[in-house]
Amino acid sequence: MHSAPHRNNSDFQLRYFIANNCSTPDMAWCILYEQKLDIITRLAASKAQLLRREVRGIELQQAANVPNLSRLDQLRLEANLIEFRSSEGMLELAIQGAEAELATIEGLMAEL
């Protein structure tokens, strides 16, 4: 079971398994820096994905307002809306988790 949802590593894992497992502070700093760069990259991608999701939501709202949709188009729209709503809030949680993990990494790096 993962103890920190929407994060790669918990604070405990970062401190005791990643940083403390290194033989020198320099090595720990380098490994934490690699983790930091990885999270920054994925955080930016998640924020871009959040914007794309917002665009998709607007497109679905506009499609729902089109009068006289065929039965086939109505079913497609309904399926798309169900898929869209099923993951609502997940990107925001992932972004919050990544930001928290990034703050932990930066704190550990400052301690070294």
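See above for the structure.
The sections below set out a description of the structure shown in this document. (Residues numbered from 1 in each chain as written. Predicted model: local features only at pLDDT ≥ 70, side-chain atom pairs only at ≥ 80, totals over all residues. Heavy atoms only, no water.)

### Structural notes on the state of the cysteines
- Under the definition given, this model contains zero disulfides.
- Counting only cysteine sulfurs, Cys30 is the nearest neighbor of Cys22, a cysteine outside any disulfide, at a range of 8.9 Å.
- Look at Cys22 and you get buried, because its relative accessible area is 15%. (Disulfide = S-S within 2.5 Å. Buried < 20%, exposed > 50% of the residue type's maximum accessible area, 1.4 Å probe, protein only.)

### A closer look at the pattern of salt bridges
- Taken as a whole and judged by the stated rule, the model has seven salt bridges.
- Note that Arg15 and Glu111 form a salt bridge whose closest N and O atoms lie 3.0 Å from each other. Of the two residues, Arg15 is situated in helix α1 (residues 11–19) and Glu111 in helix α4 (residues 90–111); the sequence distance between them amounts to 96 residues.
- A relative accessible area of 29% means that Arg15 is categorised as partly exposed.
- Across the pair Arg42 and Asp38 runs a salt bridge, and its minimum N-O distance is 2.2 Å. (Salt bridge = Lys/Arg side-chain N within 4 Å of Asp/Glu carboxyl O. Helix = DSSP H or I, 4+ residues; strand = E, 2+ residues; numbered from the N terminus.)

### Notes on the packing of aromatic side chains
- Going through the model one piece at a time under the given rule, you end up with three aromatic pairs.
- Each ring, one from Phe12 and one from Tyr16, has its centre 4.8 Å from the other, and the planes form 45°; the classification is tilted. Of this pair, Phe12 and Tyr16 both sit in helix α1, four residues apart, which is roughly one turn of the helix.
- The exposure class of Phe12 is partly exposed, given its relative accessible area of 48%.
- Each ring, one from Trp29 and one from Tyr33, has its centre 5.2 Å from the other, and the planes form 5°; the classification is stacked. With Trp29 and Tyr33 both in helix α2 (residues 25–64) and four residues apart, this pair spans about one turn of that helix.
- Residue class for Trp29 comes out partly exposed when judged on its relative accessible area of 36%.
- Tyr33 gets classed as partly exposed once you look at its relative accessible area, which sits at 34%. (Phe/Tyr/Trp six-rings, centres within 6.5 Å; stacked < 30°, edge-to-face > 60°.)

### Quick look at the side chain of Lys36
- Looking at where Lys36 falls in the secondary structure, it is placed in helix α2.
- Exposure remark for Lys36: the relative accessible area of 19% places this residue in the buried category.
- Leaving out residues up to four positions away in the same chain, Lys36 has contacts with Leu102, Ile105, Glu106 and Met109. (Contact = heavy atoms within 4.5 Å.)

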